[in-house]
Every structure is written in C-alpha cells, then in structure tokens.
Amino acid sequence: MKMNNKKAIIIIAALAAVIVGLTVFVFVGGKKNKKDNNETTTSTETTVQNTENEATTQEEKTDDTATNKDCSVSISKPNTWESNGKYFGQVDVTITNKSSSEIKNWKVVIDAPNGVEIDSNWNGEVKKDGNDIVVTAVEYNQSVPANGNIKDIGVIVSANSKEDFDSIGKAVKLLVDGKEYTDNNDAKEETTEETTEETTEKAKEDNKSDKTDGKTPVEIHGKLSVKGTDIVDENGDKFQLKGISTHGLAWFPDYVNKDAFSTFRDDWDANLIRLAMYTHENNGYCTDGNKSSIKSIVNNGVDYATQLGMYVIIDWHVLREENPNVYKDEAKLFFEEMSAKYKDYDNVIYEICNEPNGSTSWSDVKAYAEEIIPVIRKNDKDAIIIVGTPNWSQDVDIAADNPITGYDNIMYAVHFYAATHTENIRNKVTTALDKGLPVFVSEFSICDASGNGAIDYNQADKWFELINKNNMSYAAWNLSNKDETSSLIKSSCTKTSGWTDDDLSETGIWLKKQIQN
Ligand code: IDC
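Residues numbered from 1 in each chain as written. Predicted model: local features only at pLDDT ≥ 70, side-chain atom pairs only at ≥ 80, totals over all residues. Heavy atoms only, no water.

Describing the overall build of the chain
Applicable threshold: Put simply, DSSP marks the helices as runs of H or I at least four residues long and the strands as runs of E at least two long, and each gets a number from the N terminus on. Throughout this description, buried means an accessible area under 20% of the type-specific maximum (1.4 Å probe, protein chains only), exposed means over 50%, and partly exposed covers the range between. By definition in these notes, contact holds between two residues if any of their heavy atoms fall within 4.5 Å. Accessible areas in this description were obtained via Shrake-Rupley with a 1.4 Å probe; residue shielding takes into account the shown protein chains only.
Broken down by element type, the chain carries 15 helices and 20 strands. Considering the chain as a whole, with its 517 residues, one finds that 51% of them fall into the buried category. For the chain, the proportion of contacts with a sequence separation of at least 24, taken over those separated by at least 6, is 73%. Accessible area of the chain: about 23,800 Å², with a carbon and sulfur share of 48%.

This is the structure we're talking about:
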C-alpha cells in the first residue's frame, strides 16, 4: 500500500504524542504513589510501594526496638564427650532481649568448621551452611519477648578432630531482620571445654545462687553412704531421699528442665529426681533411640539437679528385654562414661537395672551387677549404686539370702504398685531388712502395675507406714501428663513446671502431701 507524506507525518506525530503521554503518566503516577499509599496504578508500582513501606518499617523497627547493646546471643557447651574416636557436645543457645519491645525474625549463626555435623537439636530449626551452623525459630519461639530471652535451644554436634570440635562457636552472631545485632561473642570463654572439676565447681557455684531460702539438700547433707539398711548423710545422720521419677526420657523430654525440678524442690520438699532411660522399648537407648540425644537429656537432668542441690538417680531402665545381661556391653559403656563424668559429684546415684523380669534369676542379676559395679567403681569410688531384683524388682528377700559382697554403698530395689502389690511384697521387704539388706523404693505408684487403673489409698498408706518406719528412700512414677493414673500431672495440663495443685492428678496431689509430710 502506498502512503502519502501528509498521512505519514500525522501517524508519526500521533505515535510520538502517545509515547510522551505514557511517559508522563507513568512518571506522575509513580511520584504520586509515593505520597499516597492508597492510590495504586499498576501492579509494578504497588510492589515498589510495598517494598518501600517495608523498608521504612524495618528501619523504624530497628530504631525502636533495640540497639546492639540491647540484644545478644551466647552459647555454652554444658556437656562434651568422646565416642568411637569422635568428639561430641551439646551446644546451648540463649538469645537475650533487654529492650522494651519484642524482636522477631531472629537468626543465630555459629561458626563451625566444615567437618562438623549436627546430630540432633531441639527448640530451633538448625542446619549446617558452609562453615556455619544456622539456627532459626520454630513455631513457638518466633519472637523474643521484651526484657526476655529464649533459652533451651540445644544442638548436639560432632566433629572428627578435637581441633574442629573446639573451634565450634569461636564466633556467634545474632541477626534480626537480617541486621547483625552482635559482633562479638561473650560466649567464647564459655565455649572452652571444661574439665570435670571445673564443671563441678561451676555447678556448685550455680547451686549457691539457686537456693531459694536456706541451704539446698546437697549443701546440708553432702555425700551419702549406706550404713546397715539406712542411707546416712555426710554427718552420719540417717537420711531419707524423697522424690520423683521421670517417665521415659526419650518420650517426655520436656519435663527434664530446671524449673520443673525446682518446683519439686521448693513447692514439694522433694530432694530426689530419678532419670528413667528405657533401654529396649521404642526409642530405647539400646534399640532405635538416638544415643547422643538421649544421653544429653540425662546429662541435662544431672546438671539441673546439681545446680539445684538435689540428688539424682541415673536409671538404666531395663524392662521389655527382661534380662539385664541382654545389653550388658552397652550398659558397661554407658556407666563407664557416666561414672567418669560424675565421679566428683556428691549427688549422683546409679541404678543399674530397673526391673529384671521374666525368667531372669537373682544369679543372672548378680552376675550382671558384678560386672557393672567394678566399671562404676573404677571411676566413682563411693556413690550409691542400686541393683534391681527379679520379678520386676520385688524379690529383695531372695537377694538378701545372697547379697553382693566386696563393695560399699550398694542398695537393692523394691518396686510396688499399691493396687497390685500388697502384703506379700511388704513381707519380702521386711524379711530383707531383717537380714540387713539396704532396700530402696526406686519406683512405685499407688495405682495398679500397668501404671493405670484405680488408686488404692488403703494399700498406699500401708506401704508408706513401712517406708517411713524404716527410713526407706523413694521415687514416685511418673513425671508426665500421659493419660494414665500414675502420671503426676493432669493430662489436660501442658505446663512443664510450676504446677499448682489444680494442675496435679489425684496421684500427684497424694504424693505431694506424702513428700511434705
Ligand atoms: C509404663 C508406663 C507406660 C508405658 C510403659 C512402657 O507407665 O506409660 O507405656 O511403661 O512399657 C514398671 C516399669 C515402668 C512402667 C510402670 C507401669 O518400671 O516402666 O511404666 N511399671 O507399668 N514396673 C511396674 C510398673
């Protein structure tokens, strides 16, 4: 088609006008939008506008909430251990917010050489990113409250060389909304590996600052020993341990916390915590459980009890496997490690087999004990060791006929569930005591042997007459809110410390009175 010149000029002019017009429109629109948040023209401009608003808010937030001095992060390594030539440790992370506004979108970056691995973690999303361990929030700890903190973030790490292991945490950064809040790391000193002596000293120091009024049980009674059928304290006075057993540590780890233990110490007058570590069941230490994370719960439990000046039982919770010899080699390794770690602690007690059962005889149990006790004694010369007895720790009379010899401070477990175990088991206890056997009620409840069913208050009272008359020590099953009668916490209550009487089950109410008695 042929076009004349005039027509062509008109078309070009019109096109030029459209282009100029559009340019002006976009320019003016864009400017306007910056002033007026409600007016949007194109989607691109909306995005620009929103981004700008976010940037402004972020700046304001940073100014309003905290300065570098107000927020900080610190890490510590409360437990370290070696296993199969590898170096393991627990890294605890604490974020502190001293400002008057909450902070959100936090991220902690911990220096960690390339070879370092993350074995398990809790209360944070944790991943390895190059030479860093990066920790971010989980659903329930997205914000650090004003004048508050987030504790209880834990990571189990491992490294092939000691050098790599030691350099974990050489630098630690806290980032909030991508902005670095701390550029130095106060934790550097805390991260240097502590010797057992230093750990003990630290725990003792903490213990002093933790006591609420007067002295803690361990400050008053010190190292315990066994004299005749009694536990005596360091002054030689008869002493009764009274306390609570956890449920399976791997199943209810949240109850192993310092506030929970101090609730028992301060509100209940308890002086003992038993840490029940199932060996065979689901998530068992010797089956499919994650050894290092289960062990770190044990270590945490011991640390909390130590800080609070409470006594603590490390319980190798033999049950479904029936015979403790099934995992004897594992038990040796475990008690070797625990006794090396806690040899200088005055408050740690070892229970080497919760409840032998099935066809397991006393001679099976005795043979097992005679292999485990020397492993512990090699490190820890005098801690109390509790040995389970056949038939779910009922046959103390049989053990009394043929007790373990050659060691001091050995005790024997009797367990009862008052609605099932009555006069005949109490008679076994009396027989054993008469023969001079020191008996420890390291587990009991007042319902039936399933841990559930109705409470038998009448039998429970009879048991406690016997217990108190003979100064026997005891730990009650179980610290959890599981829907079963033996749980001390109501199943509707999700608190993991600081329980009021309203939060306690019937068993919990009864036990609290018993302990306070
Ligand atoms: C029970 C728990 C229950 C759990 C079960 C696992 O109460 O929630 O499912 O173990 O096998 C014992 C044991 C102790 C038992 C308790 C009640 O030492 O582990 O706990 N019991 O059955 N001996 C006698 C009773």
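There is more to say, and it comes next.
Some words on the sheet that holds strand S6 (residues 132–136)
Stated precisely, the cut-off is as follows: For two strands to pair, DSSP has to find at least two bridges joining them.
Judged by pairing direction, the sheet is antiparallel, and its 5 strands sit side by side in the order S5-S6-S3-S8-S9 without closing on themselves. Each of the sheet's edge strands pairs with one partner strand only, and the pair in question is strand S5 (125–129) and strand S9 (179–180). Of the pairings in the sheet, the one linking strand S3 (residues 106–111) to S6 comprises 5 bridges and is antiparallel in character. Opposite Val 108, over in S6, you have Val 135 as the bridge partner.

A few points about the site of the ligand
Put simply, the rule is: Residues are labelled near a given molecule or strand when at least one of their non-hydrogen atoms is within 4 Å of it. Polar contact is the term for a pair of N or O atoms within 3.5 Å; when the atoms are in protein, one must be able to donate a hydrogen and the other to accept it, and sequence-neighboring residues count only if both atoms are side-chain atoms. Amino acid classes used here: Ala, Val, Leu, Ile, Met, Phe, Trp, Tyr, Cys and Pro are nonpolar; Asp, Glu, Lys and Arg are charged; the rest, including Gly, are polar.
Residues in contact with the ligand amount to 15 residues; listed here are only the nearest, Tyr 278, His 317, Glu 355, Lys 482 and Glu 484. The contact in question runs from an oxygen atom of the ligand to an N or O atom on the side chain of Tyr 278, over 2.5 Å. Here Glu 355 contributes a side-chain N or O atom positioned 2.6 Å from a nitrogen atom of the ligand. Summarising the interface, the protein chains cover 86% of the accessible area of the ligand, which totals 510 Å² for the free molecule. Its residues placed into classes, the shell around the ligand shows 5 nonpolar, 5 polar and 5 charged.

Some words on the packing of aromatic side chains
To keep it simple, the criterion reads: Here is the rule: rings of Phe, Tyr and Trp (six-membered ring for Trp) pair when centre to centre is within 6.5 Å. Planes less than 30 degrees apart are stacked, more than 60 are edge-to-face, and the remainder are tilted.
One pass over the structure, following the stated rule, counts 22 aromatic pairs. Judged by centre distance (5.9 Å) and plane angle (55°), the ring pair of Trp 316 and Phe 335 falls under tilted. Here Trp 316, found in strand S15 (residues 311–317), pairs with Phe 335, found in helix H9 (residues 328–342); they are 19 residues apart in sequence, far enough to count as distant. With a relative accessible area of 0%, Trp 316 lands in the buried category. Ring plane angle 80° and centroid distance 6.3 Å describe the contact between Phe 335 and Tyr 350, whose orientation is recorded as edge-to-face. Of this pair, Phe 335 sits in helix H9 while Tyr 350 sits in strand S16 (residues 348–351), and the two are 15 residues apart along the sequence.

So, the pattern of salt bridges
Defined as follows: A pair is scored as a salt bridge if a Lys or Arg side-chain nitrogen falls within 4 Å of a carboxyl oxygen belonging to Asp or Glu.
Within this structure, the stated rule accounts for 23 salt bridges. Among the ionic pairs, Lys 104 bridges to Glu 102, the shortest N-O distance being 3.7 Å. Accessibility expressed as a relative area gives 43% for Lys 104, which makes it partly exposed. Salt-bridge contacts for Glu 351 lead to Arg 274; the nearest nitrogen and oxygen are separated by 2.9 Å. With Glu 351 in strand S16 and Arg 274 in strand S14 (residues 272–278), this residue pair connects regions lying 77 residues apart in the sequence. Assessed through its relative accessible area of 0%, Arg 274 is described here as buried. One network of salt bridges, in which partners are shared, links Arg 274, Asp 315, Glu 351 and Glu 443.

Some words on the side chain of Lys 512
Tracing the backbone through its elements, the reader meets Lys 512 in helix H15 (residues 506–516). The class for Lys 512 is buried, based on a relative accessible area of 13%. With residues up to four places along the chain from it excluded, the contact list for Lys 512 reads Asp 267, Trp 268, Asp 501 and Leu 504.

With respect to the nonpolar core
As a reminder, the rule being used: For the purposes of this section, nonpolar cores are sets of buried Ala, Val, Leu, Ile, Met, Phe, Trp, Tyr and Cys residues that join through side-chain atoms within 4.5 Å.
Phe 261, Trp 316, Tyr 350, Ile 352, Val 387, Phe 444 and Leu 511 are the most contacted members of the largest nonpolar core, which totals 84 residues. Residue contributions to this core peak at 7 residues, all from helix H10 (residues 362–379).

A closer look at empty space enclosed by the protein
The condition is simple: Cavities and pockets are found on a 1 Å grid laid over the protein atoms alone: a cavity is a set of points where a 1.4 Å probe fits but cannot escape, a pocket is an open set with protein on both sides within 12 Å along at least five of seven lines, and a lining residue has an atom within 4 Å of such a point. Grid points are joined across faces, edges and corners, and a volume is the space filled by probe spheres set on the points.
What the rule picks out here adds up to 2 cavities of 30 Å³ or more. Estimated volume of the largest cavity: approximately 90 Å³. Looking at the largest cavity, the residues that line it are Lys 223, Leu 224, Tyr 311, Tyr 345, Asp 346, Asn 347, Val 348, Ile 349, Asp 380, Asp 382, Ala 383 and Ile 384. Its boundaries defined by the atoms lining it, the second largest cavity holds a volume of some 40 Å³. Around the second largest cavity sit Gly 248, Leu 249, Ala 250, Trp 251, Met 277, Tyr 278, Asn 282, Asn 283, Gly 284, Tyr 285 and Ile 294, which together line it.

Considering unusual backbone geometry
Here the bond from Trp 477 into Asn 478 is cis, since omega is 5°, no more than 30 degrees from zero. Tracing the backbone through its elements, the reader meets Asn 478 in strand S20 (residues 474–479). Look at Asp 177: it is not a glycine, yet its phi comes out positive at around 50°. For Asp 177, the position within the fold is in the loop between strand S8 (172–176) and S9. In this structure, Asn 283 takes a positive phi of about 65° despite not being glycine.

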